[in-house]
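As a plain string of letters, each chain reads:
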Number of protein chains: 2
Amino acid sequence: MAVKFELIKECGRTKARLGRLHTAHGVIETPVFMPVGTQATVKAMTPEELQEMGTEIILSNTYHLYLRPGEDLIREAGGLHRFMNWDRPILTDSGGFQVFSLGPLRKVSEDGVTFKSHLDGSTHFMSPERATEIQMALGADIIMAFDECAPYPSTREYTEAALERTTRWAGRCKEAHGRDDQALFGIVQGGMYKDLRERSARELVDIGFPGYGIGGLSVGEPKLLMYEMLEYTVPLLPRDKPRYLMGVGSPDCLIEGVMRGVDMFDCVLPTRIARNGTVMTSRGRVVIKNADNTRDFRPLDDECSCYTCRNYSRAYIRHLFKAEEILGLRLTTIHNLYFLLTLMKKVRKAIAEDRLPEFRQEFFAEYGYE
Amino acid sequence: MAVKFELIKECGRTKARLGRLHTAHGVIETPVFMPVGTQATVKAMTPEELQEMGTEIILSNTYHLYLRPGEDLIREAGGLHRFMNWDRPILTDSGGFQVFSLGPLRKVSEDGVTFKSHLDGSTHFMSPERATEIQMALGADIIMAFDECAPYPSTREYTEAALERTTRWAGRCKEAHGRDDQALFGIVQGGMYKDLRERSARELVDIGFPGYGIGGLSVGEPKLLMYEMLEYTVPLLPRDKPRYLMGVGSPDCLIEGVMRGVDMFDCVLPTRIARNGTVMTSRGRVVIKNADNTRDFRPLDDECSCYTCRNYSRAYIRHLFKAEEILGLRLTTIHNLYFLLTLMKKVRKAIAEDRLPEFRQEFFAEYGYE
């Protein structure tokens, strides 16, 4: 079954949309937040826990899985879904972002990128064709083109060269791709240059993809600049295709992204800060190790109905963190993911009821702007 | 409700017994293995996971909870059951074993033990009265007397002095204890000296307890010596009271202990080795990181029906361990606990069917003797 996007409703007052993404492993309601399972596991979670909290799709990383355990092993296991016991949709990124983040450990040519593994220093080569081939072996429902992500800040010259290469490589990915049950998304680059964003969007749309990633944002620039770039980029993407803002996952960025027409998001933020003992609550962030939680027998968030908040006190979770017990970070991870997934549910409801701007205002009045 | 032991059946061919231990938080079928939750959490597990695998009672440690978060906080939380979200029975040890294990960090007098915390070096004092008071605040269903455990090997003189003190302290614990919903167990000491074991058992039975721990075993002595000591000690304990062999949890010791009349066991072994990637299977131990599991898509144990074995391959679990992912040790912990709890279920069934010696033989033919 081919992946298909169904546009359900457009908000009259913002650029937000409601949609449904149909895949071989189920339907995803958009706008959606995707928890990240870098190494074929969303850190500290089981698939059942992810499902119970309402996860519809997860992201996994081609770069990491290619290096360990290798795509051949995952193919032999029957594909990534079966290997990790997750039968709902999966999106894999292409490894482009990771490979370009390696800095002096990589060498770029038109053909592809030679890089050294962060695990053992061994030398590897990744190209649009290889990235696509690996993602076909992994078997995710949505895969991403191999792109060059310019860091922030970058010169106009470098940003332009990177976007041109990204366009050429996107064409080669499309050429190399051959699985009907997978959708290959292109990735818009162009850094913080309005006209380059527009050019990248136009060139990728010319090649034609069933969905578009927006890359090169949330790389260190001010949030207002990111929002501005979204305002230039999104309107140039086809109305009937999903738009995926890569690597973004704070509550404010999710809401602001949705209002600018984004349908999909992913980020390690909720799981990473959870493991450090920071949780998101309806009244902002809470650092669980702080002394004022010592004898606080209330839940993390008294408006939350996740497994953690239904069963455990701040005092207990603080004890678990002080004692370095694994259950502590399991409970905060459950809570943070539930918080973001529930936020997206509320956002979808607000779009459906034509009250997204009001919802936004109510949310930030309590949560604060990060 | 007072704790009550019901003797259901005695094996005609061995000293094994079937029983039921009634507590305010539910009934425990004996012989039973108790998973250890040292710091108010069985490492890496939720209460629901423990229940799903058939856990009837867990053990927690007074020494650790006294130091962190402190018994006052747990009392304020509504007791240990509520603090940790576990509504089935709990047994707490007295802290005696931990305090005496501190070596040069402690000083013993007739009154009690002065020791330095392993956490921050602060000085503390523990006595029979304090250990009992703390355990009353924690509120476990079964609590243990504060005893002096002689290391192995120890001289006859020291072992005798330790057992005499253990008897006197057991009397003081009974005096200090005042909760009807808790059972206080005495602890038999006497090291590896047959007559001292007998003397300790007799003296404690004279004081009179609703159950008896057998301490000072599994402290480094050969297993056959431990079995010998059990053979001397157990027959001197009252038939109608439960006997608890402390700190023992390998499959062979469980079976051999049951055959010598033991009703209860606890040990960190299954959870500790699980976190290091070693699992117990019907054909012996498996080290999951070993290279021969790399492409092994079978479960850890194809005769096992735990959550892990129903859903994951050795190859995937090995990948999780190589990638240092938390889900890996969650899966092996679930498996090892399920393995031991299921072993005890089979042992109880074998006693009921008068075939424990045959079961023992069948089990070791496959598992091997550790």
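Preceding this section is the structure that the text describes.
A short tour of the structure in this document, coming up. (Residues numbered from 1 in each chain as written. Chains lettered and ligands numbered in written order. Predicted model: local features only at pLDDT ≥ 70, side-chain atom pairs only at ≥ 80, totals over all residues. Heavy atoms only, no water.)

**What to know about the overall build of chain A**
- Counting its secondary structure elements, chain A contains 15 helices and 16 strands.
- Since a compact globule built from 370 residues should have a radius of gyration of about 21 Å, the 20 Å found for chain A is in line with a globular shape.
- Taken over the C-alpha atoms alone, chain A extends approximately 60 × 50 × 40 Å along its principal axes.
- A total of 370 residues make up chain A; the buried ones form 61% of that total.
- Summed over its atoms, the accessible surface of chain A is roughly 13600 Å², and 49% of this surface lies on carbon and sulfur atoms.
- Where the 48 positive side-chain charges of chain A centre and where its 51 negative ones centre are 3 Å apart. (Helix = DSSP H or I, 4+ residues; strand = E, 2+ residues; numbered from the N terminus. Rg over C-alpha atoms; globule rule 2.2 N^0.38 Å. Buried < 20%, exposed > 50% of the residue type's maximum accessible area, 1.4 Å probe, protein only. Areas by Shrake-Rupley, 256 points an atom, 1.4 Å probe, with all protein chains shown as cover. Lys, Arg positive; Asp, Glu negative; His and termini not counted. Charge placed at Lys NZ, Arg CZ, Asp CG, Glu CD.)

**Comments concerning the packing of helix α14 (residues 326–352) of chain B against helix α15 (residues 356–367) of chain B**
Residues and elements named next belong to chain B.
- At their nearest, the axes of α14 and α15 sit 8 Å apart, and the two run at 145° to each other. Contacts between α14 and α15 involve Phe339, Leu343, Lys346, Val347, Ala350 and Ile351 from the former and Leu356, Phe359, Phe363 and Tyr367 from the latter.
- Counted by class, the contact of α14 with α15 contains 9 nonpolar, no polar and 1 charged residues. (Axes fitted to C-alpha atoms, helices over the stretch in contact; angles between N-to-C directions. Contact = heavy atoms within 4.5 Å. Nonpolar A, V, L, I, M, F, W, Y, C, P; charged D, E, K, R; others polar.)

**A short note on the pattern of salt bridges**
- The full count for this structure, using the stated rule, is 72 salt bridges over all chains.
- The residue Glu133 of chain A makes a salt bridge to Arg130 of chain A at a minimum N-O spacing of 2.4 Å. With Glu133 of chain A and Arg130 of chain A both in helix α6 (residues 128–138) and 3 residues apart, the pair spans about one turn of that helix.
- Residue Glu133 of chain A is classed as partly exposed on the basis of its relative accessible area of 43%.
- Using a relative accessible area of 22% as the deciding quantity, one classes Arg130 of chain A as partly exposed.
- Close ionic contact of Asp302 of chain B with Arg283 of chain B constitutes a salt bridge, the shortest N to O distance being 2.9 Å. Of this pair, Asp302 of chain B sits in the loop between β16 (284–287) and α12 (307–311) while Arg283 of chain B sits in the loop between β15 (278–281) and β16, and the two are 19 residues apart along the sequence.
- A network of salt bridges, in which partner residues are shared, links Glu49 and Arg330 of chain A together with Glu49 and Arg330 of chain B. (Salt bridge = Lys/Arg side-chain N within 4 Å of Asp/Glu carboxyl O.)

**So, the relation of the copies chain A and chain B**
- With an RMSD of 0.0 Å, the fit of chain A onto chain B corresponds to turning through 180° and sliding 0.0 Å along the axis. In short, the pair behaves as if placed about a two-fold rotation axis. The C-alpha atom lying nearest the rotation axis in chain A is that of Ile326 of chain A; the distance is 4.1 Å.
- Taken as a fraction of all interface residues of chain A, those also at the interface in chain B reach 100%, which identifies the copy contact as same-surface. (Least-squares fit on C-alpha atoms with pLDDT ≥ 70 in both.)

**Focus on the sheet that holds strand β7 (residues 106–108) of chain A**
Residues and elements named next belong to chain A.
- Judged by pairing direction, the sheet is antiparallel, and its 3 strands sit side by side in the order β7-β8-β9 without closing on themselves. Two strands lie at the open edges of the sheet, namely β7 and β9 (123–126), each paired on one side alone. On average, each strand axis in the sheet is tilted by 15° relative to the strand beside it, whichever way the strands run.
- As judged from the 3 bridges shared by β7 and strand β8 (residues 113–116), these two strands associate in the antiparallel manner. Considered in β8, the bridge of Val108 is made with Val113. (Pairing = 2+ DSSP bridges.)

**Quick notes on the interface of chain A and chain B**
- Across the boundary between the two partners, chain A contributes 37 residues, which contact 37 residues of chain B.
- Counting each side, the surface lost to burial between chain A and chain B is near 3300 Å², with a carbon and sulfur contribution of 55%.
- There are 6 salt bridges connecting chain A and chain B.
- Glu49 of chain B is the salt-bridge partner of Arg330 of chain A, the closest N and O atoms lying 2.9 Å from each other.
- Applying the counting criterion to the chain A and chain B interface returns 22 residue pairs in polar contact (both at pLDDT 80 or more).
- Examining the composition of the side of chain A that touches chain B, we find that 5 residues originate from one element, helix α13 (residues 314–322) of chain A, more than from any other.
- By residue class, the composition of the side of chain A that touches chain B is 20 nonpolar, 7 polar and 10 charged. (Buried area = accessible area lost by both parts, 1.4 Å probe. Polar contact = N/O pair within 3.5 Å; in protein donor to acceptor, adjacent residues only side chain to side chain.)

**Quick notes on helix α9 (residues 223–233) of chain A**
- Taken residue by residue, α9 of chain A has Leu225, Met226, Tyr227, Met229, Leu230 and Thr233 of chain A as its buried positions.
- Of the surrounding secondary structure, the elements contacted by the buried residues of α9 of chain A are β11 (183–188), α8 (194–207), β12 (212–214), β13 (243–245) and α10 (251–259) of chain A.

**Examining α6 of chain A**
- Among all positions of α6 of chain A, only Pro128, Ala131, Thr132, Ile134, Gln135, Ala137 and Leu138 of chain A are buried.
- Following α6 of chain A by one or two positions, Gly139 of chain A adopts a phi angle in the positive range, close to 85°.

**Here's the deal with the environment of Arg202 of chain B**
Residues and elements named next belong to chain B.
- Looking at the element boundaries, Arg202 is found in helix α8 (residues 194–207).
- Residue classification places Arg202 among the partly exposed positions, given a relative accessible area of 46%.
- Spatially, the C-alpha atom of Arg202 lies 14 Å from that of Leu230, the residues being 28 residues apart in sequence.

**With respect to the pairing of strand β3 (residues 26–30) of chain A**
Residues and elements named next belong to chain A.
- Bridge count for strand β2 (residues 17–23) against β3 is 5 bridges, and the pairing is antiparallel. In the strand pairing of β3, His22 is matched with Val27.
- Between β2 and β3, which pair antiparallel one after the other, the connecting turn spans 2 residues.

**Description of the environment of Gly261 of chain B**
- By the secondary structure assignment, Gly261 of chain B is in the loop between α10 (251–259) and β14 (264–266).
- For Gly261 of chain B, the contacting residues outside a window of four places in its chain are Lys15, Ala16, Arg17, Val234 and Arg243 of chain B.

**Some details on the sheet that holds strand β5 (residues 58–61) of chain B**
Residue and element names in this part refer to chain B.
- Within the open sheet, the 8 strands sit side by side as β4-β14-β13-β12-β11-β10-β6-β5. Their pairing is parallel. The sheet is open, and its two borders are formed by β4 (32–34) and β5, each paired with just one other strand. This sheet shows a mean twist of 25° between the axes of neighbouring strands, independent of strand direction.
- Inspection of the sheet shows strand β10 (residues 142–144) paired to strand β11 (residues 183–188) by 3 bridges, in the parallel sense. Its bridge partner being in β11, Ile142 is matched across the sheet by Ala183.
- In this fold α14 packs onto β4 and β14, with an angle of close to 160° to the strand it touches most, β4.

**Description of unusual backbone geometry**
- Between Tyr152 of chain A and the following residue, Pro153 of chain A, the backbone shows a cis peptide bond with an omega angle of -5°.
- Turning to its location among the elements, Pro153 of chain A is positioned in the loop between β10 (142–144) and α7 (156–176).
- Here the phi dihedral of Ala40 of chain B falls at roughly 65°; this positive angle occurs in a residue that is not glycine.
- In this fold, Ala40 of chain B is placed in the loop between β4 and α1 (47–52).

**Side note on the side chain of Ser200 of chain A**
Residue and element names in this part refer to chain A.
- On the secondary structure map, Ser200 appears in helix α8.
- Its relative accessible area of 1% is what places Ser200 among the buried residues.
- There is a polar contact of 2.9 Å between the side chain of Ser200 and the backbone nitrogen of Gln189.
- Beyond its immediate stretch of four places on either side in the chain, Ser200 contacts Leu163, Ile187, Val188 and Gln189.

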